[in-house]
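Understanding the architecture of this molecule
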Amino acid sequence: MLEGIKGIIFDLDGTMVDSMWMWRGIDNEFMAAHGLPMTDELELAIEGMSFRETAEYFARTFPLTESVEELMDIWVQMAIDKYEHEVPVKPGLMHFLQEMKARGIRMGIATSNARILLDAVADAHGFYDYMDGILTANEVKRGKPAPDVYLAVADKIGIAPADCLVFEDIPQGIRAGLAAGMRVCAVSDEYSRAQEAEKRALAHYYIDSYEQVLDGSYERL
């Protein structure tokens, strides 16, 4: 999987950290507090959107009194404590980051999350010690599945897209990596279990743990 790879770009939620459960919980709590139903259709509609795009979608779709900025502030406060104290890293991730840094492979993060929340989880786990470039989809024109954030991070770490490997946990993110011209490894995540067949059909590789990348036991699709 790593043959010819000079740069690695990670999604964050569901890929580096086991946090997707948290976002479903926040969505459920927020919708219940506003007397609105939480549906599978809503989850699919916002999948891959940037934090701001999600707030804009809520503001125009539901009868809410909060502005886009207020919605983001509410969600940030709900999430920060969980990120700092309850969200674990994915199996084998820290060893993998250490090994890639030792090999001189450039690394970055391309997330749909808000910068303040990225900072909270990255600080909690020391991710910034390993990363050469980090961007959120809020900092580019279009969120995933558009390739913008992946292309921007590749530029930031100074590696051509064709020489980059992406790790992603959901189909929209996998599509973004592919659209950027990068190889993509799908990461197992309980939140996207129902989409596993789609993830396998899209990606080049599949892992349950980052140790599989190092020991060669990953699935080539």
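Above this text is the structure in question.
Summarised in this report is the structure supplied together with it. The structure displayed is predicted, hence computed values, not measured ones. (Residues numbered from 1 in each chain as written. Predicted model: local features only at pLDDT ≥ 70, side-chain atom pairs only at ≥ 80, totals over all residues. Heavy atoms only, no water.)

With respect to the pattern of salt bridges
Taken as a whole and assessed by the stated rule, the structure comprises 14 salt bridges. The partner of E139 in a salt bridge is R115, with the nearest N and O atoms 3.1 Å apart. Taken together, the residues E139 in the loop between β3 (133-136) and α7 (148-157) and R115 in helix α6 (residues 115-125) connect sequence positions 24 residues apart. Residue E139 is classed as partly exposed on the basis of its relative accessible area, which comes to 43%. Residue classification places R115 among the partly exposed residues on the basis of a relative accessible area of 30%. (Salt bridge = Lys/Arg side-chain N within 4 Å of Asp/Glu carboxyl O. Helix = DSSP H or I, 4+ residues; strand = E, 2+ residues; numbered from the N terminus. Buried < 20%, exposed > 50% of the residue type's maximum accessible area, 1.4 Å probe, protein only.)

Let's talk about the side chain of E43
Mapped onto the fold, E43 is located in helix α2 (residues 40-46). E43 has contacts with R24, D27, M38 and Y191, leaving out every residue within four places of it along the chain. (Contact = heavy atoms within 4.5 Å.)

Here we look at the pairing of strand β2 (residues 106-111)
By the criterion of burial, β2 is predominantly enclosed, with five of the six residues buried. Here β2 runs beside β3; their pairing, made up of four bridges, is parallel. Note on β3: the bridge partner recorded for T111 is T136. Where the polypeptide runs from β2 across α6 and back to β3, its parallel neighbour, the crossover connection is right-handed. (Pairing = 2+ DSSP bridges. Right-handed = clockwise from strand over helix to strand, strands pointing away.)

Considering the packing of helix α1 (residues 20-33) against helix α4 (residues 68-85)
For the pair α1 and α4, interaxial distance at closest approach is 11 Å and the crossing angle is 135 degrees. In terms of orientation, α1 and α4 fall into the oblique class. Crossing geometry of α1 relative to α4 is assigned as right-handed. Contacts between α1 and α4 involve M22, W23, I26, E29 and F30 on the former and, on the latter, L71, I74, W75, M78, A79, K82 and Y83. Class assignment of the residues belonging to the contact of α1 with α4 gives a composition of ten nonpolar, no polar and two charged. (Axes fitted to C-alpha atoms, helices over the stretch in contact; angles between N-to-C directions. Parallel < 35°, antiparallel > 145°, perpendicular 65-115°, else oblique. Left-handed = near helix turned anticlockwise from the far one by under 90°. Nonpolar A, V, L, I, M, F, W, Y, C, P; charged D, E, K, R; others polar.)

Things to note about α1
The terminal C-alpha atoms of α1 lie 20 Å apart, and with 14 residues this matches the ideal 20 Å at 1.5 Å per residue to within 8%. Looking only at α1, the buried set comprises M20, M22, W23, I26, D27, F30 and M31. Along the axis of α1, the buried positions cluster into a sector of 160 degrees, meaning they face one direction only. Along α1, exposed side chains directed more than 90 degrees from the buried face belong to A32 and A33. Against α2, α3 (51-61), α4 and α6 lie the buried residues of α1. (Expected span 1.5 Å × (residues − 1). Arc of directions from axis to C-beta.)

Focus on the layout of surface pockets
When its volume is computed, the largest pocket comes out at roughly 180 Å³. Along the walls of the largest pocket sit R24, D40, E43, L44, E47, Y191, S192, A194 and Q195, which together make up its complete lining. Per-element accounting of the lining of the largest pocket gives the leading share, three residues, to α2. In the lining of the largest pocket, the residues fall into three nonpolar, two polar and four charged. (1 Å grid on protein atoms, 1.4 Å probe; cavity = no way out; pocket = protein on both sides within 12 Å on 5 of 7 lines; lining within 4 Å. Points joined across faces, edges and corners; volume = space filled by probe spheres on them.)

Section: the sheet that holds strand β5 (residues 183-187)
Judged by pairing direction, the sheet is mixed, and its seven strands sit side by side in the order β3-β2-β1-β4-β5-β6-β7 without closing on themselves. Single-partner strands in this sheet number two, and they are β3 and β7 (219-220). As paired strands, strand β1 (residues 7-10) and β2 are joined by four bridges and run parallel to one another. The residue bridging I9 from the neighbouring strand is G108, located in β2. Those strands touched by helix α5 (residues 93-102) are β1, β2 and β4 (164-168), and its axis lies near 150 degrees from that of β1.

Remarks on empty space enclosed by the protein
This model, assessed by the stated rule, comprises one cavity of 30 Å³ or more. Here the largest cavity is characterised by a volume of approximately 450 Å³. Along its surface, the largest cavity is lined by 25 residues, and M20, W23, I46, G48 and M49 are the ones closest to its centre. If you list the elements that add at least two residues to the lining of the largest cavity, you get α1, α2 and α3. Of the residues assigned to the lining of the largest cavity, the class counts are nine nonpolar, seven polar and nine charged.

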